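# Structural characterization, general
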Amino acid sequence: MTFNAHMTEFAGLPVYEYRSPEGMAAQREWAGKHPNGRRETTDPLAMLAALRTPGSFAWRLRDSDGWEPGEGEFVRRYYERFCSEVPPESVSTLVIGNFEETMEVMEPEPIRDALVTCAPRWTGLRSLFYADLTYDECEASWLEHGDLSALVTSFPSLERLGIRGTGSLSLPVDGHPALRSLTLQGGGLPADLARQVLAGDYPALEHLELWLGVENYGGDTSPEALAPLLNGEVHTGVRSLGLRNAEHTDLWVRALADAPILERLEDLDLSMGTLTDEGARVLLDAPGFRKLRRLDLHRHFLSEEVEVRVRDAFASVGVEVDLSERLNAERDGSYPSVTE
């Protein structure tokens, strides 16, 4: 799997991409010069309809194609045009995308800094996804965000935060009183980043989703690094845990089997990794997994026989289990879904 399409839904809302009047004028000018061109353009009537009900959408702020004016602090100016058309207090959800390569390896600061500068205007923001990029724009493992702690501290009412790209990501945050959901997507989760997440005080945190990835792309987070979480010492309100996209899913299953956190989990997501029959036997033998409400194992490497056993065993105790997308290690190779 690669990120081959932009998000269409976030925080329960459809994603709609903002294009300013200046940007749409540039699109019309280009279309007039290239009547057979195939570049995607914005429907002005659809934009007008979206502007009438701004709270009904997760607004994507993105300009990879360079429609927006590029003078001066161009990212900040684009965000300000958005604020002038969409009442900032009505915006509950933002999806931040690329802006003509400024979120790639060499220069991530313009987007981050512009977002933080405009943050005081978005007083109603509850959900934020940062770096909705496809592989055509930049591979997830190539993203070099640096310190994004300001994304947390600049939005005191933020409840949901998702970030794509963990290779050089840093989140040295003391804590946040309102954050309920944190998702870190990438091809490799550094142990230092994992420790930062565990060190922060997030009293409202209910959902924690970590994409573990592979060691070749910085994924050196081990069960030992997450021991404070697994042992129930930190983030004790977490009821939904994702340890996704792991290079060694069986190892994580064994670590969870006797972990105190399992006793209070309702949802467990071990999908997109490398689960084999060996790990499945631990799932079947450890009673704690049968107390879950939902278990997501999709994209796995189980044999057909063991897949049936797992499905039947968990169905018999009322656990909703997702076992879709069975792969064959000998035929397909054994690797997590997202690496590079």
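Our structure's up above, just so we're on the same page.
In what follows, the accompanying structure is described. Fair warning: this is a prediction, and the values are worked out from it, not measured in the lab.

## Observations concerning the sheet that holds strand β12 (residues 320-322)
The 12 strands are arranged β1-β2-β3-β4-β5-β6-β7-β8-β9-β10-β11-β12 in an open sheet whose pairing can be described as mixed. Every interior strand has two partners, whereas the edge strands, β1 (9-10) and β12, have only one. Pairing of strand β6 (residues 160-164) with strand β7 (residues 181-185) involves 5 bridges; the strand directions are parallel. Opposite Arg160, over in β7, you have Ser181 as the bridge partner. Lying over the sheet, helix α2 (residues 44-52) contacts β2 (13-17) and β3 (58-61), oriented at roughly 130° with respect to β2. Strands in contact with helix α4 (residues 109-118) are β4 (93-96) and β5 (127-130); relative to β5, the strand with the most contacts, it is inclined by about 165°.

## With respect to the side chain of Thr134
By the element assignment, Thr134 lies in the loop between β5 and α5 (149-153). The class of Thr134 is buried, set by a relative accessible area of 6%. Residues in contact with Thr134, not counting those within four places in the same chain, are Phe3, Asn4, Ala5 and His6.

## Let's talk about the pairing of strand β8 (residues 207-213)
Of all 7 residues in β8, 6 are buried; the element is thus mostly enclosed. Strand direction decides the pairing type here: β7 and β8, joined by 4 bridges, are parallel. The residue of β8 that forms the bridge with Leu182 is Leu208. The β-α-β motif built from β7, the intervening helix α6 (residues 191-199) and the parallel element β8 has right-handed crossover chirality. Relative to strand β9 (residues 240-246), β8 runs parallel, the two being bridged by 6 bridges. If you follow Glu209 over to β9, its bridge partner there is Gly242.

## A short note on the pattern of salt bridges
One pass over the structure, following the stated rule, counts 28 salt bridges. In this structure, the salt-bridge partner of Glu206 is Arg180, at a minimum N-O distance of 3.2 Å. Residue Glu206 is found in the loop between α6 and β8, and its partner Arg180 is found in the loop between β6 and β7; the two are separated by 26 residues along the sequence. Between Glu209 and Arg244 there is a salt bridge, and its shortest N-O distance comes to 3.0 Å. You can see Glu209 sitting in strand β8 and its partner Arg244 sitting in strand β9, a full 35 residues away along the chain. As far as burial versus exposure is concerned, Glu209 and Arg244 are alike and both buried.

Here is what the cut-offs are and how they apply
Within any chain, residue numbers begin from 1 and follow the written order of that chain's sequence. Given that this is a predicted model, residues contribute local features only at a pLDDT of at least 70 and side-chain atom pairs are listed and counted only at 80 or more, while totals for whole chains, interfaces and linings are drawn from all residues. The basis for the side-chain values is all heavy atoms of the structure; hydrogens and waters are excluded. Strand pairing is assigned whenever DSSP identifies at least 2 bridges connecting the two strands. Helix and strand assignments come from DSSP, with helices taken as H or I runs of at least 4 residues and strands as E runs of at least 2, each series counted from the N terminus. Throughout, a contact is declared for two residues whenever any of their heavy atoms are within 4.5 Å. Axes, fitted as lines to C-alpha atoms, cover a helix only where it is in contact. Angles between the N-to-C directions of the axes lie from 0 to 180 degrees. The buried label applies to any residue whose accessible area, calculated with a 1.4 Å probe on protein chains only, is under 20% of its type's maximum; exposed applies above 50%, and partly exposed to all values in between. Looking down the strands as they point away from you, a crossover is right-handed if its path from the first strand over the helix to the second goes clockwise. We define a salt bridge as a side-chain nitrogen of Lys or Arg found within 4 Å of a carboxyl oxygen belonging to Asp or Glu.

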